[in-house]
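Coordinate analysis (summary)
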Amino acid sequence: MEEPRRFIQVVMGPRQVGKSTVVKQVLKDLDLPFQFFSADNVPATDKTWISNCWSAARSVLENKGYGSIILVIDEIQKIQNWSEVIKKEWDDDTFHDRNIKVLLLGSSRVLLEKGLSESLAGRFEEIRMSHWRYDEMKDCFGFTLDQYIFYGGYPGAAPLVSDEDRFQQYIQSAIIDATINKDILMDTPISKPALLRQTFELGAAYSGSLLSLTKMVGSLQDAGNTSTLAGYLNLLNESGLLGGLQKFCIDTARRKASIPKLQVYNNALRTIYSSLSFDKAIVDRKAWGHILESGVGAYIVNEAFAKRFEVYYWRERDAEVDFVLRKKDSLVAIEIKGNAEKRTEGLDVFKEKYNPKAAFIVGDGGISPEVFLTMDLNKLF
């Protein structure tokens, strides 16, 4: 915002990670004139709303005699064809030398990226925000490592962890319901909304595990076919809730046909579907191993979103590796060991076959989860 007007800045990330809060803090620190608008309760068809926001910013710029002004529009993806209106107004400012710097925020990655690629190519920069890391939750709310692994990294839910009913209610209403009802169903034609929710609930409960789409179809009521579920998983992934990691292999076609490894973006989304409370889960060695793997996986997929690398799993006969990270031609293999029973020979097989830049264990006999969850994974490449 301090640089000369050059690009529209787009801050994107899932719900309830503090996008609006951090932007307001930055605006306060900058001490520059700004106009802040939110499309949260604006009808989706009201295209003139964006132009009205722009007119207000232009009016303040001209009447107050400011050298520049910052225009912030939150939840921009709610307005239909928003990118075309943004392009028109931005280009008009460029033509008339108006120094209006623009900052857009949104929680639906798929809708934002669709609009940006269609109309605003070459006019924007992305700033990607992900879920809160362990060190952030520790510094801000005093979370222990075990609390972070179980309760995840939602700052709004942190004060509620002492009351698990209130915590679960918050995650359900403020995160899951809001994301599915507002970010997905309002903007995407879904033939079976109940099936979308069931897909999420089943996938979140199995986070950290392989589950074939065929098995998922068999487990769900009123299920469609596997391509419907694959489409729903993609929407859930783009909304920062749940993804399906593909198997790593050189052949792209085989990779796309692989059984997905389900992975939530925040472990709170997994543990609210667990029958175990925090106190019981922590003493159940086997259950905690699965929760730990999902929690570390959540950190990896968030880093991948923010730092722009790809994440897979690998499996060949009896050998497997939990996570394979790829950036350009560099590979990193990571095995999570949450309990003594788990075998890790797959790491040696993978090293021999693919010669990764780095390969290591997180957990028993390797890097401690506490250290790993504060690492900058980009530096591994």
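Going by the structure above, here's the rest.
Within each chain, residues carry numbers counting from 1 in the order of the written sequence. Residues qualify for local features only when their pLDDT is at least 70, as the model is predicted, and side-chain atom pairs are given and counted only at 80 or more; totals for whole chains, interfaces and linings, by contrast, use all residues. Note: side-chain values were computed over all heavy atoms of the structure, leaving out hydrogens and water.

1. Some details on the overall build of the protein
Quick reminder of the rule: Strands here mean DSSP runs of E at least two residues long; helices mean DSSP runs of H or I at least four residues long; both are numbered from the N terminus. Partly exposed describes any residue whose relative accessible area lies between the buried limit of under 20% and the exposed limit of over 50%, with all areas from a 1.4 Å probe on protein chains only and scaled to the type maximum. The contact definition used throughout considers only heavy atoms, calling two residues in contact when any of these lie within 4.5 Å. Per-residue and other accessible areas were derived by the Shrake-Rupley procedure at a 1.4 Å probe size, with only the shown protein chains allowed to occlude residues.
A tally of helices and strands in the protein yields 16 helices and 11 strands. Taking all 381 residues of the protein together, 51% fall into the buried category. Sequence-distant contacts in the protein: of pairs separated by 6 or more residues, those separated by 24 or more amount to 69%. Counting only carbon and sulfur atoms, one obtains 48% of the accessible surface of the protein, whose full area is about 17,600 Å².

2. Quick notes on the pairing of strand E1 (residues 8-12)
For clarity, the cut-off: In this description, strands pair whenever DSSP reports at least two bridges between them.
Counting buried positions over the 5 residues of E1 gives 5, a clear majority of the element. Every second residue of E1 is oriented toward a common face, with Ile 8, Val 10 and Met 12 on one face and Gln 9 and Val 11 on the other, all of them buried. Here E1 pairs with strand E5 (residues 124-128) via 5 bridges, running parallel. Each residue of the ladder has a partner; that of Val 10, found in E5, is Glu 126. One ladder, built from 4 bridges, connects E1 with strand E4 (residues 100-106); its direction is parallel. Across the sheet, the residue bridging to Met 12 is Gly 106, located in E4.

3. Here's the deal with the environment of Lys 88
As for its position among the elements, Lys 88 is in helix H3 (residues 82-95). Judged by its relative accessible area of 53%, Lys 88 falls in the exposed class. Measuring from C-alpha to C-alpha, the distance between Lys 88 and Leu 120 comes to 9.8 Å, with 32 residues separating the pair along the chain.

4. A short note on the sheet that holds strand E11 (residues 358-363)
By definition, the strands of a sheet pair up through backbone hydrogen bonds, in either a parallel or an antiparallel sense. In plain terms, the rule: In this analysis an axis means a line fitted to C-alpha atoms, helices contributing only their contacting stretch, and an angle means the value between N-to-C directions, from 0 to 180 degrees.
Ordered by their spatial adjacency, 4 strands build an open sheet running E8-E9-E10-E11, and the pairing between neighbours is mixed. Looking at which strands have only one partner, the edges of the open sheet turn out to be strand E8 (310-316) and E11. Geometrically, the sheet is characterised by an average inter-axis angle of 30° between neighbouring strands, direction not taken into account. Where strand E9 (residues 319-327) meets strand E10 (residues 330-337), 5 bridges bridge the pair, whose relative direction is antiparallel.

5. Examining the packing of aromatic side chains
Heads up, the condition is: Here a pair means two rings of Phe, Tyr or Trp (six-membered ring of Trp) with centres within 6.5 Å. Their orientation is stacked below 30 degrees between planes, edge-to-face above 60, and tilted elsewhere. Over a ring means this: the NZ of a Lys or the CZ of an Arg is within 6 Å of the ring centre and within 35 degrees of the ring normal.
If you walk through the whole model with that rule in mind, you get 18 aromatic pairs. Through a chain of ring-to-ring contacts, the aromatic side chains of Phe 150, Tyr 151, Phe 167, Phe 278 and Trp 288 assemble into a single cluster. Over the ring of Trp 90 we find Arg 5; its NZ or CZ atom is 3.6 Å from the centre of that ring. Above the plane of the ring of Phe 323 lies Lys 261, whose end atom (NZ or CZ) is 4.2 Å from the centre.

6. Examining the sheet that holds E5
The 5 strands are arranged E2-E3-E4-E1-E5 in an open sheet whose pairing can be described as parallel. The open sheet has two edge strands, strand E2 (34-38) and E5, and neither has a second partner. Put simply, the sheet's adjacent strands are angled 20° from each other on average, direction ignored. Judged from the 5 bridges that link them, E2 and strand E3 (residues 69-74) form a sheet pairing that is parallel. Opposite Phe 34, over in E3, you have Ile 70 as the bridge partner. Most of the contacts of H3 go to E4, to which it runs at about 165°, and overall it touches E1, E3 and E4.

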